[in-house]
There are 4 protein chains.
Amino acid sequence: MIRAAIVGASGYTGGELLRLLLAHPQVEVTQITSETYAGQYAYFVHPNLRGHTELRFTRLADGSTGPSGRDCEALAPCDLLFLALPHGHAMERIEDLAALAERIVDLSADFRLREAADYARWYGREHPAPEWLTRFVYGLPELYRDQLVGARYASGTGCNAAVTLLALWPLYRRGLVREAVVEVKVGSSEGGHRPSPASHHPERAGVVRSYAPTGHRHLAELIQELNLDPQQPGLHFSVTSVGIVRGALATCHCLLHEELDEREAWRIYREDYGAEPFVRLVRAKRGIHRYPEPKILSGANYCDIGFVADPGQRRLVVIAAIDNLMKGAAGNAVQTMNVMYGWPETLGLEFPGLHPI
Amino acid sequence: MIRAAIVGASGYTGGELLRLLLAHPQVEVTQITSETYAGQYAYFVHPNLRGHTELRFTRLADGSTGPSGRDCEALAPCDLLFLALPHGHAMERIEDLAALAERIVDLSADFRLREAADYARWYGREHPAPEWLTRFVYGLPELYRDQLVGARYASGTGCNAAVTLLALWPLYRRGLVREAVVEVKVGSSEGGHRPSPASHHPERAGVVRSYAPTGHRHLAELIQELNLDPQQPGLHFSVTSVGIVRGALATCHCLLHEELDEREAWRIYREDYGAEPFVRLVRAKRGIHRYPEPKILSGANYCDIGFVADPGQRRLVVIAAIDNLMKGAAGNAVQTMNVMYGWPETLGLEFPGLHPI
Amino acid sequence: MIRAAIVGASGYTGGELLRLLLAHPQVEVTQITSETYAGQYAYFVHPNLRGHTELRFTRLADGSTGPSGRDCEALAPCDLLFLALPHGHAMERIEDLAALAERIVDLSADFRLREAADYARWYGREHPAPEWLTRFVYGLPELYRDQLVGARYASGTGCNAAVTLLALWPLYRRGLVREAVVEVKVGSSEGGHRPSPASHHPERAGVVRSYAPTGHRHLAELIQELNLDPQQPGLHFSVTSVGIVRGALATCHCLLHEELDEREAWRIYREDYGAEPFVRLVRAKRGIHRYPEPKILSGANYCDIGFVADPGQRRLVVIAAIDNLMKGAAGNAVQTMNVMYGWPETLGLEFPGLHPI
Amino acid sequence: MIRAAIVGASGYTGGELLRLLLAHPQVEVTQITSETYAGQYAYFVHPNLRGHTELRFTRLADGSTGPSGRDCEALAPCDLLFLALPHGHAMERIEDLAALAERIVDLSADFRLREAADYARWYGREHPAPEWLTRFVYGLPELYRDQLVGARYASGTGCNAAVTLLALWPLYRRGLVREAVVEVKVGSSEGGHRPSPASHHPERAGVVRSYAPTGHRHLAELIQELNLDPQQPGLHFSVTSVGIVRGALATCHCLLHEELDEREAWRIYREDYGAEPFVRLVRAKRGIHRYPEPKILSGANYCDIGFVADPGQRRLVVIAAIDNLMKGAAGNAVQTMNVMYGWPETLGLEFPGLHPI
């Protein structure tokens, strides 16, 4: 049993993490922080948790009075800190945070990239603590399980990066791909919990809206993890918003050096993922659910992967689905914690998703 | 051909009005105002109108430079002003506005209630121009057609009030109702175009959310128009938000003094609405579309009405559907204009709605 | 640890039940039946369960070859049978089924009503096994907990009846209600898993559609459980379909004999439900989530209840929300089983729901 | 004024066509056929048209009694036949149909492909009337306007083919594209009006579902119209279903021979489409609506096109949106008719779409 706190717990990722940790048999949640909601009950912003916790938000930095007129304790030392702050906040205070806990799992983008220069290029700012970048392990257990065991610091992954990486990894590590086009379709929860004109329901409902046809930041992670040429990655990455709240579907059109039939593709993916607890290989020849789809993954930590070959065209279409708040963020962070501490990897992550929904 | 301007044209009601007026054979739209978007093209906020107009927003009050750095003309005199400002704005400057045009159709709540005291009660403020209240005709042509012919000033109606009024009018004017419970289910466009935490897509998508179980302001219009006792109206009025953008469905449970069979109800409604161009009586005994529903009314100016009796229970359930931006706002305003000017009432309002959608 | 089977496990209720039982620490699922899918893996129709079970559907009655050409075992004896067949099937073979297991929980309507004559009235057919009606306990633990402890046979509840009963029970049992109008808004999963013209996505998406303005069958359960006059129940009950898949919201307009202020209402509901594990009383004065709503209940077994008084009108609007497949069906059946066997009532039902979703 | 009939008018395409033709100033709709609904009013299946027409469906072939017990006239001669039958029906009886009217616009796939062999390959059957294939002009006015003027026979286009063709045509006809990956996101109305397990609302709502990752039939039209190598088209075409009813968005990742900057791309598209009444070039640098999206096109006949270059990657992402029932089917058919008869091309197609919706 460890004591853990969530820094930045009022956002969607923080709320999902709180939900998971409250039910985790090895974790006691000691504190949750929010500057905006300091003093409020967690269930004021995460209404599903009503009756599951009486925790209130505290401030991160000091013990002054919160907006509700109630005293707020400052963040106290504990065993493990989960950081779910907006991008750019954790990097500013990593020294202070690291002083509070032996281990950290950071869900922001602040420690995902190993090269400081990449922050200037992709996030438009210098990284203030570049010496920390190599202390963090890229927190995708399927690729970094060995390094995560016993690790003190782990980053999260970009949700769109995670689903794409898991889809492409078996092909890229074998050098099979000549060029690829990846289209990720995403829900509105990816944009976080702050209202904006683009997230206003009348504007956002029912959209099929190009969000980032080019230049999406998660490409930086793909370049890093797939060892691509940063200038000519040959991986074309686009994100389109659709009318769901949770979920992401990556359709990865892999243009291959050689023809690859489905039987061989199946063998490759089974070799890499056959023992993975959170990767399911999906293909049915009949029925409605022939390919992965995010609809059935709400609340589940799976990355479902399927594929279909285009005979004679040297194209394999790899399709992968996740719940962006789970395998794309909070669920993956809990899985990472489980690996770090040597617990069963599926602990607290057994929920299978709902159908229909 | 008249010259008309829309004051407050960047909101949803203003945009719908602009769409209708651009296609209206008797109207030239001379100006559209918006303080926020002064200098911008109309299609920047109303993207469906791209290619249909090159109008830019001007400021209401003066000709100073807009945010885009472009000179904006102030509002100039014309024949007819449509006011689509947020509640409380038109009443503050009605004298100035009336000096600009011979006729005004105001879509806000500012001139719907005839008693100044009702503004204090329902809108929480004194009305600054009470002498104007009786100059405005309540702009629901089905009830006030005769008074609207040739009128100079007409108000709009609350969208939820309009759909409920049309549903209940034939029963109330005959004194048949003992007590009634009205549940209106509404879409997100009723809330206007300003983002808020409640309108944030992840929070608003797929809701069935009690918005105003009691105390909804549109009840004031129902009390006025149905001549109810203001203290004990016996009309219980609730509004629930559902996950659509456009549309409102009023389910009106009328508890009657006497049993009323459907044949007689049919006769009554046909007597009152048989000649109405924008009220359709709907009842099919088979098929999917047995009752009115807003789904098929997007863009149409109809109020569809149907009903079913509960034999032996002295209850008639009256069901009415509208597009809240059309018959609930802009479409009804154009219909009102048509009546005021003596034009064919359906002019510019012929669109039948889409199916499926 | 008991051995349980699900009869009729390919529908939505059966699938939800299977999901819950697979994770229940006291239950081993021995068999699942489906005539249509005999021989198929459970996850072919319940894709969320891929990786969670290798169970295949068997036929109910005999061991002949299934459609997939694979031998199917017939249903074997076990400790507990869950019946999730379409209405009218269980009553036909209750003797045979009861011979297979000591205990039965039936989720259909076949044993909910105690009077055989009510089946003729509300379901249009004679009940073929009326002697069984009084052997079944109405399976709503909040009302029948004592009778359910150790019971052999329990019915389920109508989903719309359950949410309405829990909302109204504290008021009716105290004789406070003069007359009530209940509007239940429901999702498409209530209609079951068989496609129809009305459930076709282009026709069903985004509807606000009157489904049963009068005469809904669940009223029979309300009359029975609230002890109303069958001829003049004074409870007007309507169901409207909205565009969600899961969830039901009951808006109950209670017209009271006397004024009841919110403080007193709060006391009454707390008295009745303060110790209930699956009833949450909800009211916040601020924020988005001031009233119950089904959006946050997907997968959770709660019935959330809130209310608001209309001062001076002797009206209390009681608002209650459930996930129709959980507290309205499968979750409630598991809760009922827990009570029957004397296990902790929340066993296997700890999931709090998701937000946002 | 011509007399036109719609053969197969009970489907979604037929219904949309009927809506448009009823409002078209040059057309009188004389008959509409449906075998399933013979004798029923059009508004029984197209409820938006209630009050707009009293037409009833007749049978195509004979005058026998319809299901409603009412006599049905058979299809009579007229000036123009619109065929909106399921694929494979028109080709079987084209001689009979052509005997009834001087001109035909066929919205099915039956006469889109010029090579009879392509029907065997893509549609799995021999074409029974191959001599008719070259009599039909491919009905996309933007590409075939000159041939359509005065033509007697025109086909429709596949909806996904149309949106993709319009997006790619300027680049392909200039030989700029090395290889392309096209992802079309589509709504449920593309699947037609017949219910199926996949179209059942609980299964279809909120999906992001791979429908045809490879092998979509509309690729045949793209190969034909873009003059691609049938064996190695180098155009990878996938279709994904999303949770909307109307609309299609094509995201076309064009991998180019040479770098193409946006200024030059803009010039090319403006050159080709600057005078087109139904192609709008969309790009805003700010705001929500920076790229085309189907959300604002419901009921409008536009194909909106935008693009963004990926500097240094020789990739141009072309984004195109349509309403699949309008520019993808019925609207395009009316536009084609207008061209055939020499009427103003926009006649009856002036509706700009709705926002918000």
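This is a predicted model, so every value here is computed, not measured. What you see as residue numbers is a count from 1 along each chain, following the sequence as written. Think of it this way: whatever chain is written first is A, whatever ligand is written first is 1, and the rest follow in order. Under the rules for a predicted model, residues below a pLDDT of 70 receive no local features and side-chain atom pairs below 80 are neither given nor counted, while totals for whole chains, interfaces and linings still include all residues.

1. Quick look at unusual backbone geometry
A cis amide bond links His355 of chain A to the next residue, Pro356 of chain A, at an omega of -5 degrees. For helices the rule is a DSSP run of H or I covering at least 4 residues; for strands it is a run of E covering at least 2, with both sets numbered from the N terminus onward. With respect to the helices and strands, Pro356 of chain A occurs in the segment after α10 (330-341). Within the chain, Arg314 of chain C stands out as a residue other than glycine whose phi angle is a positive 50 degrees. Here Arg314 of chain C is to be found in the loop between β12 (303-310) and β13 (315-322). Of note in this structure, Asn227 of chain D is not a glycine but carries a positive phi near 55 degrees. Within the fold, Asn227 of chain D resides in the loop between α8 (218-225) and β9 (235-242).

2. Description of the relation of the copies chain A and chain D
Superposing the copies works by least squares over the C-alpha atoms of residues that have pLDDT at least 70 in both of them. With an RMSD of 0.0 Å, chain A superimposes on chain D once it is rotated by 180 degrees and translated 0.0 Å along the axis. Here the symmetry operator amounts to a two-fold rotation axis. By definition, residues are in contact whenever their C-beta atoms, placed on the basis of the backbone, come within 7 Å of each other. Of all interface residues in chain A, 100% are interface residues in chain D too; the two copies therefore contact each other through one and the same surface.

3. Some thoughts on the interface of chain A and chain D
By a frequent convention, interface size equals the accessible area lost on bringing the separate parts together. Chain A puts 36 residues into the contact, and the matching count from chain D is 36 residues. Mapped onto the side of chain A that touches chain D, the elements with two or more residues apiece are β7 (177-186), α7 (201-204), β8 (208-212), β9 (235-242), β10 (248-256), β12 (303-310) and β13 (315-322) of chain A. Among the elements that take part in the side of chain A that touches chain D, β9 of chain A stands out by supplying four residues, more than any other. When residues are sorted by character, Ala, Val, Leu, Ile, Met, Phe, Trp, Tyr, Cys and Pro go into the nonpolar class, Asp, Glu, Lys and Arg into the charged class, and all the rest, Gly among them, into the polar class. Residue composition of the side of chain A that touches chain D, grouped by class: 17 nonpolar, 11 polar and eight charged.

4. Brief notes about the interface of chain B and chain C
Facing the 38 residues of chain B at the interface are 38 residues of chain C. Every element with two or more residues in the side of chain B that touches chain C is listed here: β7 (177-186), α7 (201-204), β8 (208-212), β9 (235-242), β10 (248-256), β12 (303-310) and β13 (315-322) of chain B. No other element matches β9 of chain B, which puts four residues into the side of chain B that touches chain C. Grouping the constituent residues of the side of chain B that touches chain C by class yields 17 nonpolar, 13 polar and eight charged.

5. Some details on the packing of helix α5 (residues 141-148) of chain B against helix α10 (residues 330-341) of chain B
Two numbers describe a pair of packed helices, the interaxial angle and the distance between the axes. All names here are of chain B. Axis definition: a line fit to C-alpha positions, over the contact stretch in the case of helices; interaxial angles, taken between N-to-C directions, run 0 to 180 degrees. One can describe the packing of α5 onto α10 by two numbers: an axis separation of 9 Å at closest approach and a directional angle of 30 degrees. Relative to α10, α5 is oriented roughly parallel. The chirality of how α5 crosses α10 is right-handed. From α5, Pro141, Arg145 and Leu148 reach across to α10, where they touch Gln335, Thr336, Val339 and Met340. Split into classes, the residues belonging to the contact of α5 with α10 amount to four nonpolar, two polar and one charged. Working definition: roughly parallel below 35 degrees, roughly antiparallel above 145 degrees, roughly perpendicular at 65 to 115 degrees, and oblique for all remaining angles. Throughout, a crossing is termed right-handed when the near helix is turned clockwise from the far one, and left-handed when it is turned anticlockwise from it by less than a right angle.

6. Section: the domain arrangement of chain A
Residue and element names in this part refer to chain A. In terms of domains, chain A is made up of domain 1 (2-156 + 329-341) and domain 2 (160-322). Each domain's extent is set by a domain assignment, obtained either automatically or from a database. Here the C-alpha centroids of domain 1 and domain 2 sit 26 Å apart. Each partner contributes residues to the interface: domain 1 has 15 residues there, and domain 2 has 16 residues. Where the side of domain 1 that touches domain 2 is concerned, the elements lending two or more residues are α4 (116-123), α5 (141-148) and α10. Class assignment for the residues of the side of domain 1 that touches domain 2 results in seven nonpolar, four polar and four charged.

7. Re the confidence of the model for chain A
How sure the predictor is of each residue is captured by pLDDT, a score from 0 to 100. Per-residue pLDDT for chain A averages 95, and the proportion of residues at 70 or more is 97%. Interface predicted TM-score (ipTM) for the complex: 0.96; the corresponding pTM is 0.97.

8. Quick notes on the pairing of strand β10 (residues 248-256) of chain C
Residue and element names in this part refer to chain C. Counting buried residues along β10, eight of its nine residues qualify, which places the element largely inside the surrounding structure. With nine bridges joining them, strand β7 (residues 177-186) and β10 adopt antiparallel strand pairing. Counted as the bridge partner of Glu183 is Thr251 from β10. Exposure criterion: with C-beta atoms placed from backbone coordinates, a residue whose C-beta has 20 or more other C-beta atoms within 10 Å is buried, one with 12 or fewer is exposed, and one in between is partly exposed. Strands are treated as partners if at least two bridges between them are detected by DSSP.

9. Let's talk about helix α10 (residues 330-341) of chain C
Residue and element names in this part refer to chain C. For α10, which comprises 12 residues, the first-to-last C-alpha distance of 17 Å matches the rise-based estimate of 16 Å (1.5 Å per residue) to within 8%. Among the residues of α10, Ala330, Gly331, Asn332, Ala333, Val334, Gln335, Thr336, Met337, Asn338, Val339 and Met340 are the ones counted as buried. Just beyond α10, the residue with positive phi is Gly342, at close to 75 degrees. For a helix, the expected span equals 1.5 Å multiplied by the residue count minus one.

10. Considering the pairing of β10 of chain B
Looking along a regular strand, one sees side chains alternate from face to face of the sheet. Here eight bridges tie β10 of chain B to β13 of chain B, and the two strands are oriented antiparallel to one another. Bridge pairing in β13 of chain B places Leu255 of chain B opposite Arg315 of chain B.

11. Regarding the environment of Glu54 of chain C
With respect to the helices and strands, Glu54 of chain C occurs in the loop between α2 (42-45) and β3 (57-58). In this structure the C-alpha to C-alpha distance between Glu54 of chain C and Ile6 of chain C, which are 48 residues apart in sequence, comes to 15 Å.

12. Describing the environment of Ala180 of chain B
The topology assignment puts Ala180 of chain B in strand β7. Sequence-wise, Ala180 of chain B and Leu133 of chain B are 47 residues apart; in three dimensions their C-alpha atoms are separated by 28 Å.

13. Concerning the nonpolar core
Within the largest apolar cluster, 476 residues are counted, with the highest numbers of intra-cluster contacts made by Phe82 of chain A, Phe82 of chain B, Phe82 of chain C together with Phe82 of chain D. Setting aside anything within four residues of it in sequence, one finds Phe82 of chain D in contact with Ala4, Ile6, Val7, Leu17, Val105, Leu107 and Ala333 of chain D. Each nonpolar core reported here comprises buried Ala, Val, Leu, Ile, Met, Phe, Trp, Tyr and Cys residues connected via C-beta atoms within 7 Å.

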